[in-house]
Amino acid sequence: MLRVFWFAVSSFAKDTNVLKNKITAGVVQFDIKKGQIENNLDAVFEALDTLAMHQVSLAVLPEMFSCSFDNENLKQHCLETDKTVERLCCFSQKHKMAIAGSLPFKKGNRIFNTSVFIDTDGSLKSKYGKIHLFRLTREDKFYKAGDQVRVVDSSLGRIGFMICYDLRFPELARSLFLQGAQIIVVSAQWPESRQMHWEILTRARAVENQLFMVCSNRTGKEGDLEFSGGSIVLDPFGTVLVKAGEKENTAFAELDFEKINQARAQIPCMSDRRQEIYGK
């Protein structure tokens with residue numbers, strides 16, 4: 001059974017440029033079984049049921065949550081992706097829950113590691129193809145890199161997307177910030193050996209861009225790689241609102257958009273940028 005954690009955030013300053021509302025955002029982490037789509041989806045929907053019981057409005061799933069990096073069988077797995085998305089859309093519509101997570105999508109004869117975003121009405125609002133492929137695990141040999149930054153206007157606010165290795169590229173997060181993102185969601189398979197980097201980078205992206213980070217990481221072991229979860233939700237000051245620990249579980253936190261107002265009023269990074277010096 002997946003465990004649940006909760007943390008609340010209080011309201012602060014007002015700013016007419018930012019939505020004056022609160023949402024509850026959750027993360028899901030589990031041991032993704034390589035190539036075992038039905039087993040993985042059973043774990044996903046069990047976790048989503050748990051979050052739905054607590055009226056979570058936004059749920060973020062790990063990277064490649066349906067089949068993991070079963071790269072030799074990707075074409076077969078892609079045949080199941082549309083069905084998986086359809087099931088998620090039905091769940092989303094029923095429970096009024098937005099869902100994000102990454103899956104393999106085939107376009108032409110190329111496959112993309114793609115983060116989907118389903119809004120609270122069950123509609124598929126956005127697809128983001130992972131821009132930075134991790135060559136150390138030969139991701140670039142099996143997937144085509146995406147070439148577009150994605151920010152979507154949703155029923156919950158303006159949301160940007162990153163996938164795992166993307167976290168190491170602050171230019172991408174800054175681009176999302178400049179396009180008005182209030183939340184960045186991250187789906188990942190980040191190994192235990194670099195867990196410290198995960199915590200540093202997620203916190204840095206929150207602080208430097210003064211927005212919420214909702215980041216899901218997997219658990220378990222695949223080949224020689226161990227994964228220790230640590231899925232995390234951060235506020236615009238880099239404060240940890242909730243962290244999911246090392247085992248399979250869910251975690252959720254209340255996001256108060258007034259925190260964005262407060263962070264950007266106290267330290268006006270947007271207006272103090274010197275674009276004329278260091279460019280776009």
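Only a predicted model underlies this, so the values are computations on that prediction, with no experimental measurement involved. (Residues numbered from 1 in each chain as written. Predicted model: local features only at pLDDT ≥ 70, side-chain atom pairs only at ≥ 80, totals over all residues. Heavy atoms only, no water.)

Caption draft 1: Up close: the environment of Ser115. Along the polypeptide, Ser115 turns up in strand β5 (residues 110-118). Not counting the four nearest positions on each side in its chain, Ser115 is found in contact with Gly101, Ser102, Ser126, Lys127, Tyr128, Phe161 and Ile163. (Helix = DSSP H or I, 4+ residues; strand = E, 2+ residues; numbered from the N terminus. Contact = heavy atoms within 4.5 Å.)

Caption draft 2: Representation of the packing of helix α1 (residues 37-53) against helix α2 (residues 74-95) in the model. Running from N to C, α1 and α2 point in directions that differ by 15°, and their axes come no closer than 12 Å. In terms of orientation, α1 lies roughly parallel with respect to α2. For α1 against α2, the interelement crossing comes out right-handed. Between α1, through Ile37, Glu38, Leu41, Val44, Phe45, Leu48, Asp49 and Ala52, and α2, the contact on the second element is made entirely by His77, Glu80, Thr84, Arg87, Leu88, Phe91 and His95. Split by residue class, the contact of α1 with α2 holds 8 nonpolar, 3 polar and 4 charged. (Axes fitted to C-alpha atoms, helices over the stretch in contact; angles between N-to-C directions. Parallel < 35°, antiparallel > 145°, perpendicular 65-115°, else oblique. Left-handed = near helix turned anticlockwise from the far one by under 90°. Nonpolar A, V, L, I, M, F, W, Y, C, P; charged D, E, K, R; others polar.)

Caption draft 3: Highlighting the nonpolar core. Core analysis: the biggest nonpolar cluster contains 47 residues, and Leu58, Ile183, Val185, Met213, Val214 and Leu255 have the highest contact counts within it. Looking at this core element by element, the count peaks at 5 residues for strand β9 (residues 183-188). Among all residues touching Leu255, those that are not within four sequence positions of it are Asn21, Lys22, Ile23, Ala25, Ile183, Phe212, Val214, Val233 and Leu241. (Core = buried A, V, L, I, M, F, W, Y, C linked by side-chain atoms within 4.5 Å. Buried < 20%, exposed > 50% of the residue type's maximum accessible area, 1.4 Å probe, protein only.)

Caption draft 4: Summary view of the packing of helix α4 (residues 170-178) against helix α5 (residues 195-209). The N-to-C vectors of α4 and α5 enclose an angle of 40°; their axes lie 10 Å apart at closest approach. One finds that α4 runs oblique with respect to α5. Judged by the sense of rotation from one axis to the other, the crossing of α4 with α5 is right-handed. Contact with α4, carried on its side by Pro170, Ala173, Arg174 and Phe177, involves Arg205, Glu208 and Asn209 of α5 and no other residues of that element. Residues belonging to the contact of α4 with α5 are distributed by class as follows: 3 nonpolar, 1 polar and 3 charged.

Caption draft 5: Looking closely at α2. Given a rise of 1.5 Å per residue, 22 residues ought to cover 32 Å, and the 30 Å separating the end C-alpha atoms of α2 matches this to within 8%. Maximal helix bending in α2 amounts to about 35°, located at Glu80. Burial in α2 covers these residues: Leu74, His77, Cys78, Thr81, Thr84, Val85, Leu88, Cys89, Phe91 and Ser92. (Expected span 1.5 Å × (residues − 1). Bend = angle between axes of the 7 residues up to and from the residue.)

Caption draft 6: Representation of the layout of surface pockets within the structure. Each pocket or cavity is described by its volume, and for the largest pocket that value is around 510 Å³. Lining the largest pocket are 23 residues, with Phe69, Phe134, Thr137, Leu225 and Phe227 positioned closest to its centre. At the level of elements, α3 (139-142) and β12 (225-228) are the ones that each hand at least two residues to the lining of the largest pocket. Grouping the constituent residues of the lining of the largest pocket by class yields 9 nonpolar, 4 polar and 10 charged. Residue lining of the second largest pocket: 14 residues in total, with Lys107, Phe112, Thr114, Gly129 and Arg150 positioned closest to the centre. Sorting the residues of the lining of the second largest pocket by element identifies β4 (98-107), β5 and β6 (124-129) as the ones contributing at least two each. Of the residues assigned to the lining of the second largest pocket, the class counts are 4 nonpolar, 4 polar and 6 charged. (1 Å grid on protein atoms, 1.4 Å probe; cavity = no way out; pocket = protein on both sides within 12 Å on 5 of 7 lines; lining within 4 Å. Points joined across faces, edges and corners; volume = space filled by probe spheres on them.)

Caption draft 7: How the structure looks around the side chain of Glu63. With respect to the helices, strands and loops of the structure, Glu63 is situated in the loop between β3 (58-60) and α2. Sequence-distant contacts of Glu63, that is, excluding residues within four places in its chain, are made with Ile32, Phe69, Ser102, Asn113, Lys130, Glu139, Ile163, Cys164, Ser187, Ala188 and Gln189.

Caption draft 8: Structural detail: the pattern of salt bridges. By the definition in use, this model includes 14 salt bridges. The closest approach of N and O atoms between Glu80 and Lys83, which form a salt bridge, is 3.8 Å. Here Lys83 and Glu80 lie together in helix α2, a separation of 3 residues that amounts to about one turn. Its salt-bridge partner being Glu139, residue Lys130 comes within 3.0 Å of it at the nearest N-O pair. The pair formed by Lys130 and Glu139 is uniform in burial state, with each residue classed as buried. (Salt bridge = Lys/Arg side-chain N within 4 Å of Asp/Glu carboxyl O.)

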